[in-house]
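Results of the structural survey
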There are 2 protein chains.
Amino acid sequence: MSTPTIDRAELARQFRTFIDPAFVIEDDETIRPYECDGLSMYCEMPWLVVLPETVEQVQQAMRLCQEHKVPVVARGAGTGLSAGAMPYAEGVVLSLAKFNRILEIDPLARTARLQPGVRNLAISEEAAQYGLYYGPDPSSQIACTIGGNVAENSGGVHCLKYGLTVHNILSVEMVTVEGEKLVVGSDALDGCGMDMLALMTGSEGLLGIVTEVKVKLLPKPEQAQVVMAGFDSVQNAGDAVGGVIAHGIIPGGLEMMDGFAIVAAEDFAQAGYPRDAAALLLCEVDGTAEEVQEHIEQASNLFRSFGATSIRVSQSEEERALLWKGRKSAFPAVGRISPDYYCMDGTIPRRHLAYVLTEMQKMSEHYGLRVANVFHAGDGNMHPLILFDANVPGEFERTEEFGGAILAMCVNVGGCITGEHGVGVEKIRQMAIQFDDLELAQFHALKAAFDPDGLLNPGKGVPALRHCQEYRSLEHKAHTAEA
Amino acid sequence: MSTPTIDRAELARQFRTFIDPAFVIEDDETIRPYECDGLSMYCEMPWLVVLPETVEQVQQAMRLCQEHKVPVVARGAGTGLSAGAMPYAEGVVLSLAKFNRILEIDPLARTARLQPGVRNLAISEEAAQYGLYYGPDPSSQIACTIGGNVAENSGGVHCLKYGLTVHNILSVEMVTVEGEKLVVGSDALDGCGMDMLALMTGSEGLLGIVTEVKVKLLPKPEQAQVVMAGFDSVQNAGDAVGGVIAHGIIPGGLEMMDGFAIVAAEDFAQAGYPRDAAALLLCEVDGTAEEVQEHIEQASNLFRSFGATSIRVSQSEEERALLWKGRKSAFPAVGRISPDYYCMDGTIPRRHLAYVLTEMQKMSEHYGLRVANVFHAGDGNMHPLILFDANVPGEFERTEEFGGAILAMCVNVGGCITGEHGVGVEKIRQMAIQFDDLELAQFHALKAAFDPDGLLNPGKGVPALRHCQEYRSLEHKAHTAEA
């Protein structure tokens, strides 16, 4: 990373020659909302925020920035949870907010061509007229954009069955750091050449700027039903998750909540959750009527055989929505009982579910911080919510440490430091634990193949090798302190 | 590409210090079987063939070759159909044939850990005891290896529903050109960091040597049934394919054959195909008994509404096997009626099926060469078989030209020059039509990120930019000649 060879005022002046001057933002007050994304503890004021309206303007913006070595951070709706869209101090935030048009829906091919700023939910709303919808459904789907989904490879409750963003897109048009247009992927099941589409998906803005996305659409399942099962131990609930999968049922969603999360969600949403359960599973099955009936019955029997203390099967669409309402409001529910909370994201092999929850309880006591556990249990993606109060001195630092310890545990049991939120700034230290220097060097080489000067979203995603030893020793110390 | 800084004899001597001397092959007679892969018109005698037995030996082999700038071509079973495993004259063929052990099957997690030389079918045979199987089923599955499948991102009849290799693997252990071990991918739904697993899958030996593969296993479907439908025009059959997909049925396999292929297959296999049909569809549905019954009925009705002249539904496993036997023996069936044939591989958008078949007929007349069409119609992957006689002077050259024209047509209708056979040497010219210089430069940059000296499988996959203008003008000439 070199420093820009142009000053802020001159850069702004040059941007104004091809972008509507009202959308070349320089003043602190208007810039302020861009200083962070959904992970607001990491923030930074950029030099400029620009909102181009055409792909040509994006190209020109990139050429201008490359010429003067100005870092560029692309931004969708800013709902990301790993500070992947945090600005760079001497850099430009390139917002794709104005690229909000659905360009085409082809109901026969079941595809949609989208500008990157189209909201995730808007795709399904528009496709509904054809009986179709877009699969990935991150919790932020009302607000988050498809471009951001590509950058983070977003998932959601249904990704166990329907896959992540990478499994639901066909191609991406991107603008390179040199300002060239590049299309990666194709309409075919397998594009030819190297798979740059998967590489681009989840690359957190490090490789290029997404300017168009072609997604696959799915037919709405004929029917969906959910079975809720309460358990008096997390061990039993964890085993039941493995049992369902081993039995060959692939649920549309298979979610788990621990006792603390159950009570918080129930108080908030009155979904009828068993307040005394130590763990709760929500298992949704979708498909044809016969298939749903068969799988719901099998799942219910399995849950009983794993010791479920209560079972409830939704008998109507209203009841199904109500059972999900509790789960979907788990975050705001926790937000109501704590001044602040920190949502973690990590992945573990399913078989370690119970062990990880037990360990987490011990850590919670060690750090003196409460934790509520919400899990995409089916695919082992967990979202522990650490409760803290930012106004109590030292509590945020302790929260960060606790979070780091959770991620280290994920790696230790053979899991991964991110499920669907990405690395961003948040987990850059943990990347040094997840990967060795050789692997990280390979990431840097790939990054350099797209962006030799390191202008795209610097400081995110992949840690500089020179810091890795320090990161690893810090983690080691944290571990030792715990033991 | 530089030339080796070591001579052949000395290289062999050094290999013998760490690889069993019996498997460092130098003599022409023993090397001969390695001179080509399944596309035998492209062949080359390498300097040496080596068969290491351990990952450490592969690492040492790579270090030795890198030190002396010796090109390395990795080889599985050599069943590839694009000359991707064709040796390099002043290089080493690194055969993974001795890596043929199934290291672990985990029936609960539904995964298998495999050495790269394990045959595709052997995975399903071993997993059968748990009611599981491995999804991708290329025609060569008796012989082809999982390492080769990763290199080519192989598909098969069932990939419409179950995906290509990339959708069915979790992680790959590879040895880099520097001799380092690198694991790409993870057990999690989404690995963290950039998606190198997808990049590696289908990279045709250009990025590294696969030394271990972890695959997903699928539960065997409860039931499978196939409906066969004859049509008196390819237009109707093509429309029916779109109709099935648009209706929301995702068949386990959806295959199409044209009149010529039908007769050849029927003469060979006596499957009971309608010899007078212009096109035949085989549509297999799998799942629960109810689901299969429902979808078979829907598909049959759809085929009727699109003008099917005959419909037959398999009533037993034997009948199902018989109906597939014809399709599966289409290649040898054609081989019986022609001294030689050339199997092409390209992908087109489904909606252009009928147009492409009609054009192909015109080209067949233009080039004076018969063509039999066999299609993975569901995913638009076609395999035209061009019939020729290599002993007739000029006929092979005309065949190659015809093949090139077919691939150019694929690109023209928005398709892709490869479906599942890869680029290899065969389609390297067409890569210049499929992609522009910028895209190809990006591929080269990615390649260099793994293999800066270009030692891994040189001359395959991505054309040198300096040749691209020539390739494009040649294609243009071929087009003009036709018009």
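Residues numbered from 1 in each chain as written. Chains lettered and ligands numbered in written order. Predicted model: local features only at pLDDT ≥ 70, side-chain atom pairs only at ≥ 80, totals over all residues. Heavy atoms only, no water.

Here is the rule: UniProt positions are given in the numbering used here, feature names are shortened, and annotations may be inferred rather than shown by experiment.
Going by an unreviewed UniProt entry, chain A carries the name FAD-binding protein and comes from Marinobacter halodurans. As recorded by UniProt, the Cofactor (unreviewed entry) comment attached to chain A reads in full: "FAD".

Re the overall build of chain A
Keep this limit in mind: Secondary structure elements follow DSSP: runs of H or I of four or more residues count as helices, runs of E of two or more count as strands, with numbering from the N terminus. The globule rule is 2.2 Å times the number of residues to the power 0.38, and the radius of gyration it is compared with is taken over C-alpha atoms. Partly exposed residues are those whose accessible area sits between 20% and 50% of the maximum for their type, while under 20% is buried and over 50% is exposed, using a 1.4 Å probe and protein chains only. Residue contacts follow a heavy-atom distance rule, with two residues in contact if any of their heavy atoms lie within 4.5 Å. The method behind every accessible area is Shrake-Rupley, applied with a 1.4 Å probe, and residues are considered shielded solely by the protein chains displayed. Under this rule, positive means Lys or Arg and negative means Asp or Glu; His and the chain ends count for nothing. Here the site of a charge means atom NZ of a Lys, CZ of an Arg, CG of an Asp or CD of a Glu.
Check the secondary structure of chain A and you find 17 helices and 19 strands. Relative to the globule expectation of 23 Å for 483 residues, the C-alpha radius of gyration of chain A, 23 Å, shows essentially globular dimensions. The buried share among the 483 residues of chain A stands at 60%. Of all intrachain contacts in chain A linking residues separated by at least 6 positions in sequence, the fraction that spans at least 24 positions is 72%. Total accessible area on chain A stands at roughly 17600 Å², and carbon and sulfur atoms take up 51% of it. Within chain A, the 65 negative side-chain charges are centred at a point lying 1 Å from the centre of the 37 positive side-chain charges.

Quick notes on the relation of the copies chain A and chain B
Formally: Overlaid copies result from least-squares superposition on C-alpha atoms, with residues included only where pLDDT is at least 70 in both.
Aligned on chain B, chain A shows an RMSD of 0.0 Å; the corresponding rotation is 180° and the shift along the axis is 0.0 Å. Seen this way, the second copy is the image of the first under a two-fold rotation axis. When you check the interface residues of chain A against chain B, 100% turn up at the interface there too, and the contact is symmetric in its surfaces.

With respect to helix H13 (residues 353-367) of chain A
What counts is decided by this rule: In this analysis, the expected span of each helix is defined as 1.5 Å times one less than the number of residues it contains.
Helix length check: H13 of chain A (15 residues) gives 21 Å between terminal C-alpha atoms against 21 Å at 1.5 Å per residue, within 8%. Of all the positions in H13 of chain A, only Leu353, Ala354, Val356, Leu357, Glu359, Met360, Met363, Ser364 and Tyr367 of chain A are classed as buried.

A look at the pairing of strand E18 (residues 371-376) of chain A
Residue and element names in this part refer to chain A. Spelled out, the test is: Whether two strands pair depends on DSSP finding at least two bridges between them.
For E18, the buried fraction is high: six of the six residues fall into the buried class. Neither face of E18 is left uncovered, since the one carrying Val371, Asn373 and Phe375 and the one carrying Ala372, Val374 and His376 both have all their residues buried. Where strand E13 (residues 253-258) lies against E18, two bridges are found, and the strand directions are antiparallel. Counted as the bridge partner of Met257 is Val374 from E18.

Overview of the packing of aromatic side chains
All names here are of chain A. Inclusion rule: Centres within 6.5 Å are what make two rings of Phe, Tyr or Trp a pair, Trp counting through its six-membered ring; a difference in plane orientation under 30 degrees is then read as stacked, over 60 as edge-to-face, and the rest as tilted. In this scheme, Lys NZ or Arg CZ marks a charge over a ring once it lies within 6 Å of the ring centre and within 35 degrees of the ring normal.
What the rule picks out here adds up to 14 aromatic pairs over all chains. When the ring of Tyr133 is compared with that of Tyr162, the centres are 6.4 Å apart and the planes differ by 80°; the resulting orientation is edge-to-face. Placement of Tyr133 in strand E7 (residues 132-133) and of Tyr162 in helix H6 (residues 159-162) is noted, with a sequence separation of 29 residues between them. Classification of Tyr133 as buried rests on a relative accessible area of 15%. When the centroid spacing of 6.1 Å and the interplanar angle of 90° are considered together, the rings of Phe231 and Phe303 count as edge-to-face. You can see Phe231 sitting in strand E12 (residues 223-231) and its partner Phe303 sitting in helix H10 (residues 289-305), a full 72 residues away along the chain. The side chain of Lys98 reaches across the aromatic face of Phe23, ending 3.7 Å from its centre.

Brief notes about the domain arrangement of chain A
Residue and element names in this part refer to chain A. Note the cut-off: Throughout, the edges of the domains are those of an automatic or database domain assignment. The salt bridge definition used is simple: a Lys or Arg side-chain nitrogen within 4 Å of an Asp or Glu carboxyl oxygen.
Assigned domains within chain A: domain 1 (8-95), domain 2 (102-219), domain 3 (223-332) and domain 4 (340-482). For domain 1 and domain 2, the distance between their C-alpha centres works out to 23 Å. Taken together, the contact between domain 1 and domain 2 spans 15 residues of the former and 16 residues of the latter. Linking domain 1 with domain 2 are zero salt bridges.

So, the pattern of salt bridges
All names here are of chain A. Applying the stated rule across the entire model yields 38 salt bridges over all chains. Among the salt bridges present, the one from Glu317 reaches Arg320, with a minimum N-O distance of 3.0 Å. Placement of both Glu317 and Arg320 in helix H11 (residues 317-328) is noted, with a separation of three residues, approximately one turn of the helix. You can call Glu317 partly exposed: its relative accessible area is 45%.

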